[in-house]
Amino acid sequence: MKFNCLIIDDEKILADSTAEYFNLFGVATHVAYSVLDCYKFFKEHTTDLILLDINLEDGSGFDLCKDIRQSKDIPILFVSARTSDDDKIIALNIGGDDYIQKPYSLGVLLAKVKVVLKRYGGLGNIEYVDDNLHINFEAKQVKVNGNKIKLTMLEFKLLSYLVEHKGKVISKKELFEKVWEDKFVGDGTLNVHIRRLREAIENDPNNPKYIVTVWGDGYKFLGGNE
């Protein structure tokens, strides 16, 4: 069975109430109370997104995230009562997509989860296709000239946002806030990711046809047939 969200948290009352709230608003959610429960879940089910607590009774959320990342490209949002900046840095560096502080508002958390699900799950359209580039948003799969291209989750997220706003100039500030969800990301980080995307999807990365720079403003995605 496929779920929209898997909550991995040993605080049963909080996890159950969050899942109940999510299900009430159309986000199909399952709860795993331990690392072992998580592994059992993936033997029979799939999920579009994971809410992962750092502290679990039978293991570390950090270690579990690393293990999941070896075989699955799933957005992972860490939740924790811990306030250390080091925890946040570790969470993002090992493949987490965000770090959410407990206690959290169910309404705010649901809104964030829906944004992430929409961003990774299809953008309202299932595919983008032209003569050279094929993006399946639901399967999170990219092909160039018929060959599968491997992108990181953040690279796919960046590409998806640009395609979603095809033909529109997207400022660096908007990309920092909407893709990284962090207004303090530097230009160098963005430039590196844009370069990697161009190397992955462009026939000539030095003369891009898809992701073009609008000097002084930002970037714009153009359809390959334009």
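As the structure is a prediction and not an experimental result, all values here were calculated from the model.

(A) Spotlight on the overall build of the chain. Looking only at helices and strands, the chain has eight helices and 16 strands in total. Here the C-alpha radius of gyration of the chain, 18 Å, is about what a compact globule of 226 residues would show, namely 17 Å. Within the chain, buried positions represent 46% of all 226 residues. The contacts in the chain between residues at least 6 apart in sequence include a share of 55% that link residues at least 24 apart. Total accessible area on the chain stands at roughly 11,500 Å², and carbon and sulfur atoms take up 50% of it.

(B) Seen up close, the pairing of strand E3 (residues 29–32). In the sheet, strand E2 (residues 5–8) pairs with E3 via four bridges, with the strands oriented parallel. Bridge assignment links Cys5 to a residue of E3, and that residue is Thr29. Taken together, E2, helix H1 (residues 12–24) and E3 form a β-α-β motif whose crossover is right-handed.

Cut-offs used in this document
Residue numbers run consecutively from 1 along every chain, following the written order of its sequence. The predicted origin of the model limits local features to residues at a pLDDT of at least 70 and limits the giving and counting of side-chain atom pairs to 80 or more, whereas totals for whole chains, interfaces and linings rest on all residues. Note that water and hydrogens are dropped before the side-chain values are worked out from all heavy atoms of the structure. Runs of E in the DSSP output that reach at least two residues are strands. Runs of H or I that reach at least four are helices, and both are numbered from the N terminus. Note on method: radius of gyration uses C-alpha positions; expected globular size equals 2.2 Å times residues raised to 0.38. In this scheme, a residue with accessible area under 20% of its type's maximum is buried, one over 50% is exposed, and one in between is partly exposed, where area comes from a 1.4 Å probe on protein chains only. Contact between two residues is taken to exist if any of their heavy atoms lie within 4.5 Å; hydrogens are not considered. Methods summary: accessible areas were calculated by the Shrake-Rupley approach with a probe of 1.4 Å, and residue burial reflects only the protein chains presented. At least two DSSP bridges between two strands are required for those strands to pair. Seen with the strands pointing away from the viewer, any crossover whose path from the first strand over the helix to the second strand runs clockwise is right-handed.

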